[in-house]
Amino acid sequence: MINTGLTIGSDPEFCLLDRNDKLVIPRFTCKGGYNAKFGIDGGGLVCELRPTPGRNENDCAVNIGLALRNYPRSGQRHQSVREENNTKLTDYKWRSGPYVFHPVGGHMHFGHTSLKDGSYISDSSLKQKFVRRIAEYVAVPALLTVHPSEIAKRRNHGYGSFVDAREQPWGIEYRSMFSWLFNKDLTIAIHSLAFLVAKNVLIYNNSLDIHRNVRRCFNATYSDHLKLFFPVIWNCIKKLKDYKQHEKNLEIFPFTILNDKYLKTDVDLKTVWEVK
């Protein structure tokens, strides 16, 4: 595989639930800290992974799995329930998705020389163009795989707007995505699609069409309206250079969306990612 200089990293979040499906605050149980590969997010309410960035979707999936399986073995004891004094991290359910008692995110980190020139994101810049295409061609298909009610809960708390992005020293952090850890095939598909779109914008200089009203429907969580745009967006994706290399990884999107299905989010990540 050609080295394009493009890397994608992430910092997906997930929640800990006790045996009564109540939220457990990870600062009581997880000694991974705020900068560890398996640690805590800045607000202290959820766990957050910081896997090593990858140069392709398979690398990313492997690194995410490694971060999950290398969880801290010496966490503090749960201090909120007396009879659970000796509870370990693996005794809890690990849950992700758009919303688990509060919004849960899956930010994506795009690293490339053309994204780290120090310029601010402006309407005329490459960065603005890049973020807009990632939003329309990656975030929209991802959003349509989960039930609209879950997306609406996250948006109602002010998270997941269409072009929520931050500049970073290494490139762009796209912050609109929910936490996709609940399904390994979706995780691979999102990263595969992100690599495909990013390569076409940054390396192949493919402009990619922008469709009117997609942004408005996305921000308003009008999923039924947004779904009407999917066949058009997907036809554009199928025309992108290198699409055939990614096609098999991307099958989950048309299969789920065109058949009016939604992926199950209330699963334990330990089962999905084979955490022992």
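On a predicted model such as this, the values are computed, not experimentally measured, just so you know. (Residues numbered from 1 in each chain as written. Predicted model: local features only at pLDDT ≥ 70, side-chain atom pairs only at ≥ 80, totals over all residues. Heavy atoms only, no water.)

## Quick look at the packing of aromatic side chains
Under the definition given, this model contains nine aromatic pairs. Considering the side-chain rings of Tyr71 and Trp94, the 5.8 Å spacing of their centres and the 80° angle between planes classify their relative orientation as edge-to-face. Here the residue Tyr71 occupies a position in the loop between helix H1 (57-69) and strand S5 (93-95), and Trp94 occupies one in strand S5, the gap between them amounting to 23 residues. Residue Tyr71 is classed as buried on the basis of its relative accessible area, which comes to 11%. Their ring planes at 55° and their centres at 5.8 Å tell us that Trp234 and Phe253 sit as a pair that is tilted. Taken together, the residues Trp234 in helix H6 (residues 223-238) and Phe253 in helix H8 (residues 252-258) connect sequence positions 19 residues apart. (Phe/Tyr/Trp six-rings, centres within 6.5 Å; stacked < 30°, edge-to-face > 60°. Helix = DSSP H or I, 4+ residues; strand = E, 2+ residues; numbered from the N terminus. Buried < 20%, exposed > 50% of the residue type's maximum accessible area, 1.4 Å probe, protein only.)

## What about helix H3 (residues 148-156)?
Among the residues making up H3, those that are buried are Pro148, Glu150, Ile151, Arg154 and Arg155. Buried positions in H3, seen along its axis, are confined to an arc of 160° and lie on one side of it. Just downstream of H3 lies Gly158, where phi reads positive at about 90°. (Arc of directions from axis to C-beta.)

## Quick word on the nonpolar core
The nonpolar side chains of soluble globular proteins are, as a tendency, buried together. Residues Phe14, Phe38, Trp94, Phe110 and Phe253 are the most contacted members of the largest nonpolar core, which totals 74 residues. Broken down by element, the residue count for this core peaks at 11 residues, all from helix H4 (residues 184-202). Residues Cys15, Leu17, Val100 and Val104 belong to the second largest nonpolar core, which totals five residues. (Core = buried A, V, L, I, M, F, W, Y, C linked by side-chain atoms within 4.5 Å.)

## Notes on empty space enclosed by the protein
Tallied over the full model, the rule gives one cavity of 30 Å³ or more. Reported here for the largest cavity is a volume of approximately 90 Å³. Across the lining of the largest cavity, the residue classes tally to seven nonpolar, two polar and two charged. (1 Å grid on protein atoms, 1.4 Å probe; cavity = no way out; pocket = protein on both sides within 12 Å on 5 of 7 lines; lining within 4 Å. Points joined across faces, edges and corners; volume = space filled by probe spheres on them. Nonpolar A, V, L, I, M, F, W, Y, C, P; charged D, E, K, R; others polar.)

## Re the pattern of salt bridges
Pairs can form between side chains of opposite charge whenever their charged atoms are close. With the rule as written, the count across this model stands at 12 salt bridges. With its nearest N and O atoms 3.9 Å apart, the salt bridge here joins Asp164 to Arg175. Placement of Asp164 in the loop between H3 and strand S7 (165-168) and of Arg175 in the loop between strand S8 (171-174) and H4 is noted, with a sequence separation of 11 residues between them. We note a salt bridge from Asp268 to Lys270, for which the minimum N-O separation is 2.7 Å. A relative accessible area of 12% means that Lys270 is categorised as buried. Overlapping salt bridges bring together Asp164, Glu173 and Arg175 as one network. (Salt bridge = Lys/Arg side-chain N within 4 Å of Asp/Glu carboxyl O.)

## Observations regarding the packing of helix H2 (residues 126-143) against H6
At a minimum axis separation of 10 Å, H2 and H6 run at an interaxial angle of 130°. Put simply, H2 runs oblique to H6. Helix-helix and strand crossings are classified by hand; for H2 and H6 the assignment is left-handed. Taking contact as the criterion, the partners of Glu136, Tyr137, Val140, Pro141 and Leu143 in H2 are, on H6, Ser223, Leu226, Phe230, Ile233, Cys236 and Ile237. By residue class, the composition of the contact of H2 with H6 is nine nonpolar, one polar and one charged. (Axes fitted to C-alpha atoms, helices over the stretch in contact; angles between N-to-C directions. Parallel < 35°, antiparallel > 145°, perpendicular 65-115°, else oblique. Left-handed = near helix turned anticlockwise from the far one by under 90°. Contact = heavy atoms within 4.5 Å.)

## A short note on the packing of H1 against H4
Close contact between H1 and H4 brings their axes to 8 Å; oriented N to C, the two are set at 140°. With respect to their mutual orientation, H1 and H4 come out oblique. Seen from above, H1 lies across H4 with right-handed handedness. Within the contact between the two elements, H1 uses Glu57, Cys60, Ala61 and Ile64 and H4 uses Thr187, Ile188, His191, Ser192 and Phe195. Taken together, the residues of the contact of H1 with H4 sort by class into five nonpolar, three polar and one charged.

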